[in-house]
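Listed below, chain by chain, are the residues.
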Amino acid sequence: MSQDRSASPLILGGAPTPRAALPQLPPLALYIHIPWCVRKCPYCDFNSHAASPTLPEEEYVDALLADLDLELHAVHSRELSSIFFGGGTPSLFSAQALGRLLQGVEQRIAFASDIEITLEANPGTFEQEKFTAYRALGINRLSIGIQSFQEQKLKALGRIHNGDEAIRAAGMARQAGFDNFNLDLMHGLPDQSLDDALGDLRQAIAMKPTHLSWYQLTLEPNTVFWNQPPVLPEDDTLWDIQEAGQALLAEHGYAQYEVSAYAQPGRAARHNLNYWSFGDFIGIGAGAHGKLSHPDGRILRTWKTRLPKDYLNPAKPFKAGEKALGNDELPFEFLMNALRLTDGVDAALFAQRTGLDLASLAEGRRQAEQSGLLQVEPSRLAATARGQLFLNDLLQYFLI
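In what follows, the accompanying structure is described. (Residues numbered from 1 in each chain as written. Predicted model: local features only at pLDDT ≥ 70, side-chain atom pairs only at ≥ 80, totals over all residues. Heavy atoms only, no water.)

**A look at the overall build of the chain**
Then, in step 1: The helix and strand tally for the chain stands at 15 helices and 17 strands.
Then, in step 2: Taking 400 residues into account, the globule formula puts the C-alpha radius of gyration at 21 Å, and the chain, at 21 Å, falls close to it.
Then, in step 3: Here the C-alpha coordinates of the chain stretch approximately 60 × 55 × 45 Å along the principal axes.
Then, in step 4: Here the chain holds 400 residues, and the buried ones make up 53% of them. (Helix = DSSP H or I, 4+ residues; strand = E, 2+ residues; numbered from the N terminus. Rg over C-alpha atoms; globule rule 2.2 N^0.38 Å. Buried < 20%, exposed > 50% of the residue type's maximum accessible area, 1.4 Å probe, protein only.)

Structure (C-alpha cells):
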C-alpha cells in the first residue's frame, strides 16, 4: 500500500514557546534544488549526485510542482521576490524543462514585477543556444562556478572545466543576454600562493561580473577532502590572501556586503539578502531546506528527503522533517544570518522577523559589545570588523 506524499513528516523538538504574532510576514523566496552533477567534486558537501547519461527531467519537474503544492499553505498571499536554482548543476537541465517548471510555479504563486531569478551553472555545461533560451524564460541572473582559472588548481579540485572555458563562460553569458551574473571563486586552494590567488582574482575582475562570491576552501565532513586532506596554505598565507584580495576588490568597485560576497553598486544578490535578513523561503527538491513564518508567530525550518530516487518515489513523502523554532533558539538563528552582513541590520528587524522583544538580546549585546565583537550602536545589530573575523565567537553570546 503506497504512502500519501502529503503524509506528516518527522517533527523534531517540542512545542514552541508562545510568542507574539508577527506584525508583518517577511518577503518570500523560492529555492529549487537540482541534485545532479557531471561529477562530484572532492570538496563538495552539498546534496549532489553524479548524473546518469539521461536525466529524469520530466519526472523531476512533476515532483517539484507536486512538492510545491504541499507548501502553498505557507504563502499567505505573498508574491515571490526571488527564485534560486541551486545544486548540483541546474544548468544540466534543458530550457524546455526549466520553462515548464517556471510556468508551473507562476501559476501557483504570483511573481513580483522585479523578481530576481538565478540559475547556477558551471563552465563545462555552457552552451550558447541553451543559455539564450534560459534568458528568454525570464531567468535574469547566472551564478557561474569558476573556483579557479589555473589548470593545476582545477584538477586538484576535481573540476571538469579548464581555464579557457571559464573565461569564455562570461562572454557567452553576456551574449545570451545576461547583464547580471556572479562568479564563484575560491582561495586557500591546495599549494596556492598569494600570487596564485591574486592572479585568479584579477582574471575574475577582468571578466567584469556584477557580483563575486570569493571564499576560502574549507574541508567539510563527508567529503573526499575530509578523508584525504590536501596540503593547504599556512595560516599566514591565508591571512595575506584575504587582506590583499579584499583590497583589490574594493579598488575595482566591488563592495563587500557579506562575509564572502562582493558586488557592484545595486547588484547585491537579493535572494541571499533575503536569507541573511531572516526572510522566508520555500525549499523544493531533493535535500532542499526552507524557513517559513506564519501569522500566528510560528516559524518552521523544513527539509526534504535527500536521495533523488526517494524524492521521485511516489510511495515516499517529499518532506523528511520540520522543526518549530522556540524562543530560546530565535536570537541565535536570527543573528547567525544577520551578523554575516557587513553593515548588519536595523535593530527593529529582530522583533519584526521573530516576534520577540529586542530587550531579550540586551545581556548578549552588552557582553558582545564589551568584547569588541559587536558595534555599540543601539539602532543597529552589526558586527565590528573583528567580529566579522570571529563570527562564531560573537554568536556564542546569544546562545541560550
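Let us keep going from here.
**A few points about the packing of helix H1 (residues 57-69) against helix H2 (residues 95-108)**
Then, in step 1: The geometry of H1 relative to H2 is characterised by a closest axis approach of 10 Å and an angle of 15 degrees between their N-to-C directions. Relative to H2, H1 is oriented roughly parallel. Classified by chirality, the crossing of H2 by H1 is right-handed. Residues Glu57, Glu58, Val61, Asp62, Leu64, Leu65, Leu68 and Asp69 of H1 form the contact with H2, whose own contacting residues are Ala97, Arg100, Leu101, Gly104, Val105 and Arg108.
Then, in step 2: Split by residue class, the contact of H1 with H2 holds 7 nonpolar, 1 polar and 6 charged. (Axes fitted to C-alpha atoms, helices over the stretch in contact; angles between N-to-C directions. Parallel < 35°, antiparallel > 145°, perpendicular 65-115°, else oblique. Left-handed = near helix turned anticlockwise from the far one by under 90°. Contact = heavy atoms within 4.5 Å. Nonpolar A, V, L, I, M, F, W, Y, C, P; charged D, E, K, R; others polar.)

**What to know about the packing of aromatic side chains**
Between two aromatic rings, the relevant description is the distance of the centres plus the angle of the planes.
Then, in step 1: Considering all chains together, one arrives at 12 aromatic pairs under this definition.
Then, in step 2: Ring centres 6.3 Å apart and planes at 20 degrees place the aromatic pair tyrosine 31 and phenylalanine 84 in the stacked group. Here tyrosine 31 is found in strand E2 (residues 28-34), whereas its partner phenylalanine 84 is found in strand E5 (residues 80-87), with 53 residues between them in sequence.
Then, in step 3: When its relative accessible area of 8% is taken as the criterion, phenylalanine 84 is described as buried.
Then, in step 4: Look at tryptophan 214 and tyrosine 262: their rings are 6.4 Å apart centre to centre, the planes differ by 65 degrees, and that puts the pair in the edge-to-face class. (Phe/Tyr/Trp six-rings, centres within 6.5 Å; stacked < 30°, edge-to-face > 60°.)

**Things to note about helix H6 (residues 194-206)**
Then, in step 1: Its 13 residues give H6 an end-to-end C-alpha distance of 18 Å, which sits within 8% of 18 Å, the value for a rise of 1.5 Å per residue.
Then, in step 2: Taken residue by residue, H6 has Ala197, Leu198, Asp200, Leu201, Ala204 and Ile205 as its buried positions. All buried residues of H6 project into a common sector of 155 degrees when viewed along the axis, lining one side. Pointing more than 90 degrees away from the buried face of H6 are the exposed residues Asp195 and Ala206.
Then, in step 3: Turning to H6, the residues buried within the fold contact strand E7 (141-147), strand E8 (181-187), strand E9 (211-216) and helix H8 (235-251).
Then, in step 4: Phi turns positive one or two residues past the end of H6, at lysine 208, with a value near 55 degrees. (Expected span 1.5 Å × (residues − 1). Arc of directions from axis to C-beta.)

**Describing a negative patch on the surface**
Then, in step 1: A surface patch of negative charge is lined by Glu234, Asp235, Asp236, Asp240 and Glu243.
Then, in step 2: Inspection of the secondary structure puts glutamate 234 in the loop between helix H7 (224-227) and H8.
Then, in step 3: Accessibility expressed as a relative area gives 61% for glutamate 234, which makes it exposed. (Patch = residues over 30% accessible without salt bridge, like charges linked within 9 Å, V, L, I, M, F, W, Y side chains within 5 Å. Areas by Shrake-Rupley, 256 points an atom, 1.4 Å probe, with all protein chains shown as cover. Salt bridge = Lys/Arg side-chain N within 4 Å of Asp/Glu carboxyl O. Lys, Arg positive; Asp, Glu negative; His and termini not counted. Charge placed at Lys NZ, Arg CZ, Asp CG, Glu CD.)

**Details of a nonpolar patch on the surface**
Then, in step 1: A contiguous nonpolar patch, built from Trp239, Leu389 and Phe390 and spanning about 310 Å² of accessible area, is present on the exposed surface.
Then, in step 2: We classify phenylalanine 390 as partly exposed; its relative accessible area is 40%.

**A word on the environment of alanine 170**
Then, in step 1: Mapped onto the elements of the fold, alanine 170 is located in helix H5 (residues 163-175).
Then, in step 2: Spatially, the C-alpha atom of alanine 170 lies 9.8 Å from that of phenylalanine 126, the residues being 44 residues apart in sequence.
Then, in step 3: Contacts of alanine 170, omitting those with residues within four sequence positions, involve Phe181 and Met207.

**Notes on the packing of H6 against H8**
Then, in step 1: Running from amino to carboxyl end, H6 crosses H8 at an angle of 25 degrees, the nearest separation of the two axes being 9 Å. By the angle between their directions, the pair H6 and H8 is classed as roughly parallel. H6 and H8 meet at a crossing whose hand is right-handed. Mapping the contact onto sequence places Leu194, Ala197, Leu198, Leu201, Arg202 and Ile205 in H6 and Thr237, Asp240, Ile241, Ala244, Gly245, Leu248 and Leu249 in H8.
Then, in step 2: Class assignment for the residues of the contact of H6 with H8 results in 9 nonpolar, 2 polar and 2 charged.

**Remarks on unusual backbone geometry**
Then, in step 1: The omega torsion across glycine 87 and glycine 88 is 15 degrees, close enough to zero to call that bond cis.
Then, in step 2: Of note in the backbone geometry, glutamine 147 takes a positive phi value of approximately 70 degrees without being a glycine.
Then, in step 3: Inspection of the secondary structure assignment puts glutamine 147 in strand E7.
Then, in step 4: Positive phi is not limited to glycine here, since lysine 208 has a value of about 55 degrees.

**Overview of the pattern of salt bridges**
Then, in step 1: Throughout the structure, instances matching the rule amount to 17 salt bridges.
Then, in step 2: Across the pair arginine 100 and glutamate 58 runs a salt bridge whose closest N-O atoms are separated by 3.0 Å. In this pair, arginine 100 sits in helix H2 while glutamate 58 sits in helix H1, placing the two residues 42 residues apart along the sequence.
Then, in step 3: Here arginine 270 ties to aspartate 114 by a salt bridge, and the two come within 3.8 Å at their closest N and O atoms. A residue pair is termed long-range when its members are at least 10 positions apart, and arginine 270 in helix H9 (residues 270-276) and aspartate 114 in strand E6 (residues 111-121) qualify at 156 residues.
Then, in step 4: You can call aspartate 114 partly exposed: its relative accessible area is 48%.
Then, in step 5: One salt-bridge network, in which partners are shared between bridges, spans Glu58, Asp62 and Arg100.

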